[in-house]
Amino acid sequence: MSKKQYTHHELMQMAIDVMNNSVNEQRPDGKVPPKVGAVLVFPDGRIETAFRGELREGDHAEFTLLERKLVNVNVEDCVLYTTLEPCIERNPPKVPCCRRVTNARIKKVFIGIEDYDPKGNGIRHLQKHGVEYKMFDREFQRIIEKENEKFLKQALQRKKEAELEEEEEEDLRTTIELPIANYDSSKFSNEALQKFIKESNLDFKPTDEAFLEYLADFGAMEWDKEKKHFVPTGVGILLFGQNPRAKFQNAVLKAHVSYGNNKIESKDFDQALVLLPVQIEDWLKKVLPLSKDTSGFKRKDIPDFPIGVLREAIVNALVHRDYEVEGAKCEIKIDEDKIIVTSPGKPLPAITLQELNTFEAPSLSRNHIITYAFSLMDYVEEKGFGMKTFKSLNKEHGLPIPKYTFKEPFLTLTFPRTAEAVKEILGKGSIDNLSSEELKNFEIFRQQRPISKLEFVEFSGLASRTAERYIKEWVDSGLLMKVGSGPRTKYKMNE
């Protein structure tokens, strides 16, 4: 026990340190249990910890903490840090950890990583019961993922084995995850199913009963006990449907290209989601050569904007959008100055705009089933947001890095293609005074955490005196702000 006041980062690291003590049982079925650590912080700073298997083989960390160590202690004002999304499925009479958390009336939980089971919804249980949740910083998530690599790999593949407890009456699924009445597998596109099977390296035919069971395992279908056949869910129709918009009118990506002189070309992408990435990539290859001027970034090869970057941005928009926002559609708008990708739905509560714009957003998915299917096809990083890809734009392609903004109900990602567009999205008057070369170097502060003068010299390749002059001018003009003092002073963009 300790009453030291720990920082948020220290508590995340402590949970990982505790996690690494996990005693995982040898299972006859070959399943690899996860390593899990839990840290409970009391209002006075006292700390209690637990790890999987600490007191008894197989016991979950949250169970050990709340039911073995603190069973008669009031913890409703405590904050919980746990390295894995609390489970929602246990074989009766065992109680899922997410319910132990809500039963204990804990109001705030920091979660390391999601449970990779596509039907996992412990986070939704917490959210529905008024628990504020945040994800660990991405740097800590990577450590947890590495330590649990074998568990996560199996979790992506295995079939769901246990049903929710009988007394758990609430249905935590979203509207699109529910089965669609009067639908059957004939509503699926054979082309979409064939592509999914091929890209996912599966050994099925679209008509195989085993394949329908496979789709049901991860939530694209559901067994109808009365009709004795598999029924597509809304997600299944979005992924594989012959005509998804017949059921979901907002299931479309609207694309617009402006060629100047008021000439605009538009196209709708509204087929099954699994067919769209290739269709979108082919379309991008046809329309992207419209760019002619890059002003301050002076790269002769810029007219061919990196296809992979845009493809990832668009796929992320389709995968992570909120399909329950009525009448709102994904869009991409391209002109000579900028490329804008718009997606319905505000960032999830655990992800801030600042985290998105520093490319350090934690890994978290709104649509587990869609993300899972796309990850099988290698179309999207598992539960990621393409952060590394966007962050590398300036270094690898000489391009300005993009910026996220949110205006109800749309999350917008803007890729500026000219110096003028960069100034526009930053929206700071003093930025207009920067030369093209200065603006290019200022980009470094948009894609890094706070950095020192020495780091700025290293990243920019500038002479030390020039780098120091830039920093002083940018601090004086309000573009940068100091973080810390003395020899350890660092600088970051003043939002």
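These figures come from a predicted structure and were not determined experimentally. (Residues numbered from 1 in each chain as written. Predicted model: local features only at pLDDT ≥ 70, side-chain atom pairs only at ≥ 80, totals over all residues. Heavy atoms only, no water.)

Draft legend 1. The arrangement of unusual backbone geometry in detail. Residue proline 409 is bonded to the preceding glutamate 408 through a cis peptide linkage, with omega at 0 degrees. Note on placement: proline 409 falls in the loop between strand 12 (403-407) and strand 13 (410-416). Although it is not a glycine, arginine 105 sits at a positive phi angle of roughly 65 degrees. Inspection of the secondary structure assignment puts arginine 105 in the loop between helix 3 (97-103) and strand 4 (108-113). Classification of arginine 105 by relative accessible area gives exposed; the value is 57%. In the Ramachandran plot, aspartate 378 falls in the positive-phi region, its phi being about 60 degrees despite a non-glycine side chain. (Helix = DSSP H or I, 4+ residues; strand = E, 2+ residues; numbered from the N terminus. Buried < 20%, exposed > 50% of the residue type's maximum accessible area, 1.4 Å probe, protein only.)

Draft legend 2. The sheet that holds strand 10 (residues 330-334), seen in detail. Here 6 strands make up an open sheet; going across it, the order is 9-8-10-11-13-12 and the pairing mixed. Two strands close off the open sheet at either side, each with one partner strand: strand 9 (264-269) and strand 12. When strand polarity is set aside, the average angle formed by the axes of neighbouring strands in this sheet is 15 degrees. Sheet topology note: the strand 10/strand 11 (residues 338-344) ladder contains 4 bridges and is antiparallel. When the sheet's bridge partners are listed, lysine 333 is paired in strand 11 with isoleucine 340. In this fold helix 10 (residues 276-287) packs onto strand 8 (253-258), strand 9 and strand 10, with an angle of close to 170 degrees to the strand it touches most, strand 9. Contacting strand 8, strand 10, strand 11 and strand 13, helix 11 (residues 307-320) runs over the sheet at an angle of about 20 degrees to strand 11. (Pairing = 2+ DSSP bridges. Axes fitted to C-alpha atoms, helices over the stretch in contact; angles between N-to-C directions. Contact = heavy atoms within 4.5 Å.)

Draft legend 3. Fine view of the side chain of asparagine 148. Checked against the element boundaries, asparagine 148 lands in the loop between helix 5 (138-147) and helix 6 (149-157). Taking the relative accessible area as the measure of exposure, asparagine 148 reaches 4% and is therefore buried. A polar side-chain atom of asparagine 148 sits 2.6 Å from the main-chain amide nitrogen of lysine 35. Residue contacts for asparagine 148: discarding those within four places in its chain leaves Met19, Pro34 and Lys35. (Polar contact = N/O pair within 3.5 Å; in protein donor to acceptor, adjacent residues only side chain to side chain.)

Draft legend 4. Fine view of helix 11. Along its 14 residues, helix 11 runs 20 Å from first to last C-alpha, staying within 8% of the 20 Å computed at 1.5 Å per residue. The buried fraction of helix 11 is high, at 12 of 14 residues. Listed as buried for helix 11 are Val309, Leu310, Arg311, Glu312, Ala313, Ile314, Val315, Asn316, Ala317, Leu318, Val319 and His320. (Expected span 1.5 Å × (residues − 1).)

Draft legend 5. Representation of the pairing of strand 10 in the model. Taking every second residue as pointing to the same face, the buried face of strand 10 carries Cys330, Ile332 and Ile334, while none of Glu331 and Lys333 on the other face is buried. Strand direction decides the pairing type here: strand 8 and strand 10, joined by 5 bridges, are parallel. What sits directly across from alanine 255, in strand 10, is isoleucine 332. Once strand 10 ends, the chain turns through 3 residues before running back antiparallel as strand 11.

Draft legend 6. The arrangement of the packing of aromatic side chains in detail. Taken as a whole and assessed by the stated rule, the structure comprises 18 aromatic pairs. Judged by centre distance (6.0 Å) and plane angle (50 degrees), the rings of phenylalanine 196 and phenylalanine 218 are tilted. Residue phenylalanine 196 is located in helix 7 (residues 190-199), and its partner phenylalanine 218 is located in the loop between helix 8 (209-217) and strand 6 (221-224); the two are separated by 22 residues in the primary sequence. As far as burial versus exposure is concerned, phenylalanine 196 and phenylalanine 218 are alike and both buried. (Phe/Tyr/Trp six-rings, centres within 6.5 Å; stacked < 30°, edge-to-face > 60°.)

Draft legend 7. Empty space enclosed by the protein, seen in detail. Here the structure, examined in full by the defined rule, presents 3 cavities of 30 Å³ or more. Approximately 50 Å³ is the volume found for the second largest cavity. Forming the walls of the second largest cavity are Asn250, Ala251, Val252, Leu253, Phe269, Asp270, Gln271, Leu273, Leu276, Leu318, Arg321 and Tyr323. Residue classes in the lining of the second largest cavity are distributed as 8 nonpolar, 2 polar and 2 charged. (1 Å grid on protein atoms, 1.4 Å probe; cavity = no way out; pocket = protein on both sides within 12 Å on 5 of 7 lines; lining within 4 Å. Points joined across faces, edges and corners; volume = space filled by probe spheres on them. Nonpolar A, V, L, I, M, F, W, Y, C, P; charged D, E, K, R; others polar.)

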